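Secondary and tertiary structure notes
Residue-level listing of the chains:
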Amino acid sequence: MIFPDYRPRRLRQNETFRRMIRETRLSVDDLILPLFVIGGRNVKNPIPSMPGQFQMSIDYLVKEARLARDVGIPAIMIFGIPEKKDAFGSQAYAKDGIVQRAVKSVKDKVQDLVVITDVCLCQYTDHGHCGIVQDGVIDNDATLDLLARTALSHAQAGADMVAPSDMMDGRVAEIRDTLDENGFFSIPIMSYAAKYSSSFYGPFRQAARSAPLFGDRRTYQMDPANSLEAVREVTMDIEEGADIVMVKPAIPYLDVIYRIREEFDFPIAAYNVSGEYAMIKAADQLGWLDGRQVMMEALTAIKRAGADLILTYFAVEAARELGGST
Ligand code: PBG
C-alpha cells in the first residue's frame, strides 16, 4: 500500500464512490428518543439548556411520541418529573405515578412504538440521590427492592422495556427476578451498565430536577478514568440478565463503546447525553459550527465505535435528515 500504487483518493472522488465504500450507516432504526414528562395539561416548558427539548404533560408527550413514530423512530425512553418527592422516592413506584400514567397513555394511543422507561429514584427522592440514604451513605441493598418495584410498576403500566440507570450493584438480577415472578418474563432489560459519573449530565439534571442536594454520584457511578471496570460492569449485568447493555455518555467514551463491542456479543446502546446535545446546540446558535452536520458526524461516530442503538435528543432531527417521512 505504497504511493503511487495505492491512492486512497481514487475511491473518494465523488459521492457515488463514497457511498459504495461507506463502512458505517446510521439508520433511523438505531435511534431512541428520550422524553421528559411532567404533570398537568397543556404544558410544554422549554428546557433552556436543551434547545428544542421540553418538559411535557402527558397530552403533549403522546403527540411527541406519535411524531417520533411517524418519522420512523422505533422507540422512546420516558423520564418522569414527579409532583412530590420524599426520602424513599415513593412516586417512582406509585401505581398512578407520572411515568406509569404516561406509559399507559402512549401505549393506548400510539401503535408500533416501543416504550422504554428509565428506572431510577433520583427524580423522586427529596435528596436527589439514586438510592436510599442512611447516615449520609447511599444504601445499595436497601435500594434494590424499590428499583424492582419501580420496574414492575412500569411493566404493569404497559412498558415494553425497562432501563435501570441507578448504578446500584445487583439491581439487574433483582429486577429480572421480580419481573419474572410477576409473569413479565418477556420484558427486556436495557441496563445502564457502564454509566460514568459525568458532568455532561448537567442539563438533564436541570430538566429532570434531579441534581443531588448533597455530595455527588461518585460512590455509585463510574470514575471517568476507568475502562477495565466497564468490562466488569457489563459482564455482571449480562450475567444478571441484561438484554441490552449501555455505555453512557457516548462521545467522550467512544473507546469504552469500542471495547465493549470487542468483548461482548450483546446489543450495545450508547447514550448521547444532555451535555453532548447542549454543546452542539450552543455552538450552532453562536454560529460557531454547523449543528446539523456536527450532529450527523457525532451520531455516525457513536455507531462506528460499535453502538447498535443510540439514545439521543437529536433523534427526530436525525430521523428527518435520514429521510424519515414527516
Ligand atoms: C438518572 C439519569 C441521569 C441521566 C439519565 N438517567 C442523570 C444522572 O445520573 O444524574 C442523564 C441523561 C442525560 O444527561 O441526558 N439516574
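Up top you'll find the structure we're talking about.
Let me begin by describing the structure that accompanies this report. Please read all numbers here as calculations on a predicted model, not as lab measurements. (Residues numbered from 1 in each chain as written. Predicted model: local features only at pLDDT ≥ 70, side-chain atom pairs only at ≥ 80, totals over all residues. Heavy atoms only, no water.)

Moving on, we get to the overall build of the protein chain. Tallying secondary structure elements over the protein chain gives eleven helices and twelve strands in all. The C-alpha radius of gyration computed for the protein chain amounts to 20 Å, which stays within 12% of the reference 20 Å derived for 326 residues, consistent with globular compactness. In terms of its C-alpha atoms, the protein chain occupies a principal-axis envelope of roughly 70 × 45 × 40 Å. When burial is assessed residue by residue, the protein chain has 53% of its 326 residues classed as buried. Counting only contacts in the protein chain whose residues sit at least 6 apart along the sequence, the fraction spanning at least 24 positions is 74%. (Helix = DSSP H or I, 4+ residues; strand = E, 2+ residues; numbered from the N terminus. Rg over C-alpha atoms; globule rule 2.2 N^0.38 Å. Buried < 20%, exposed > 50% of the residue type's maximum accessible area, 1.4 Å probe, protein only. Contact = heavy atoms within 4.5 Å.)

So, about the pairing of strand β12 (residues 309–312). Side-chain alternation along β12 places L309 and L311 on one buried face and I310 and T312 on a second face that is also buried. When strand β1 (residues 31–38) meets β12, the two strands line up parallel, connected through two bridges. Following the sheet pairing, I32 is matched in β12 by L311. Across four bridges, strand β11 (residues 268–272) lies against β12 in parallel orientation. Note on β12: the bridge partner recorded for A269 is L309. (Pairing = 2+ DSSP bridges.)

Moving on to the pairing of β1. Here β1 lies mainly inside the structure; eight of its eight residues are buried. Both faces of β1 are covered, namely the face carrying L31, L33, L35 and V37 and the face carrying I32, P34, F36 and I38. Pairing between β1 and strand β4 (residues 75–81): seven bridges, direction parallel. Across the sheet, residue V37 finds its bridge partner in β4, namely G80. Judged from the two bridges that link them, β1 and strand β3 (residues 54–56) form a sheet pairing that is parallel. Looking at the pairing, V37 lines up with M56 of β3.

Our focus in this paragraph is the side chain of S57. By the element assignment, S57 lies in the loop between β3 and α2 (58–70). On the basis of relative accessible area, S57 is assigned to the buried category, the value being 0%. A polar contact of 3.1 Å, which involves the side chain of S57, links it to the backbone nitrogen of N42. Within the structure, S57 has its side chain in polar contact with the backbone nitrogen of V43 (distance 2.9 Å). S57 has contacts with V37, I38, G39, G40, R41, N42 and V43, leaving out every residue within four places of it along the chain. (Polar contact = N/O pair within 3.5 Å; in protein donor to acceptor, adjacent residues only side chain to side chain.)

All right, on to the site of the ligand then. Taken together, 17 residues are adjacent to the ligand, and K195, R205, K248, S274 and Y313 come closest. In this structure, an oxygen atom belonging to the ligand sits 2.9 Å away from a side-chain N or O atom of Q221. In this structure, Y313 approaches the ligand through a side-chain N or O atom, which is 2.6 Å from an oxygen atom. Protein chains bury 100% of the 400 Å² of accessible surface belonging to the ligand in isolation. (Near = heavy atom within 4 Å. Areas by Shrake-Rupley, 256 points an atom, 1.4 Å probe, with all protein chains shown as cover.)

For the bond running from F3 to P4, omega is 10 degrees, close enough to zero to count as cis. Along the chain, P4 falls in the segment before α1 (15–21). For D135, which is not a glycine, the phi torsion comes out positive at approximately 50 degrees. By secondary structure assignment, the location of D135 is in the loop between β6 (132–134) and β7 (137–139). Phi at R209 takes a positive value of approximately 50 degrees, unusual for a residue other than glycine. As for its position among the elements, R209 is in the loop between α6 (202–208) and α7 (228–240).

Looking now at the packing of helix α4 (residues 140–157) against helix α5 (residues 171–181). Where α4 meets α5, the axes come as close as 9 Å, and the angle between the chain directions of the two elements is 45 degrees. In terms of orientation, α4 lies oblique with respect to α5. For the element pair α4 and α5, the recorded crossing hand is right-handed. Facing α4, whose interface residues are L144, D145, L147, A148, A151, L152 and A155, α5 presents R171, E174, I175, T178 and L179. Its residues assigned to classes, the contact of α4 with α5 comprises eight nonpolar, one polar and three charged. (Axes fitted to C-alpha atoms, helices over the stretch in contact; angles between N-to-C directions. Parallel < 35°, antiparallel > 145°, perpendicular 65-115°, else oblique. Left-handed = near helix turned anticlockwise from the far one by under 90°. Nonpolar A, V, L, I, M, F, W, Y, C, P; charged D, E, K, R; others polar.)

Attention now goes to the packing of aromatic side chains. Considering all chains together, one arrives at nine aromatic pairs under this definition. When the ring of Y192 is compared with that of Y271, the centres are 6.2 Å apart and the planes differ by 40 degrees; the resulting orientation is tilted. On the criterion of sequence distance, the pair formed by Y192 in strand β9 (residues 190–195) and Y271 in strand β11 is long-range, its members being 79 residues apart. In terms of burial, Y192 and Y271 fall into one category: buried. Among the aromatic residues, those joined into a cluster by ring pairs are F36, F79, Y192, F204, Y271, Y277, Y313 and F314. The ring centre of Y60 lies 4.6 Å from the NZ or CZ of K63, which sits over that ring. Here the basic side chain of K248 rests over the ring of Y201, its NZ or CZ set 4.4 Å away from the ring centre. (Phe/Tyr/Trp six-rings, centres within 6.5 Å; stacked < 30°, edge-to-face > 60°. Lys NZ or Arg CZ within 6 Å of the ring centre and 35° of its normal.)

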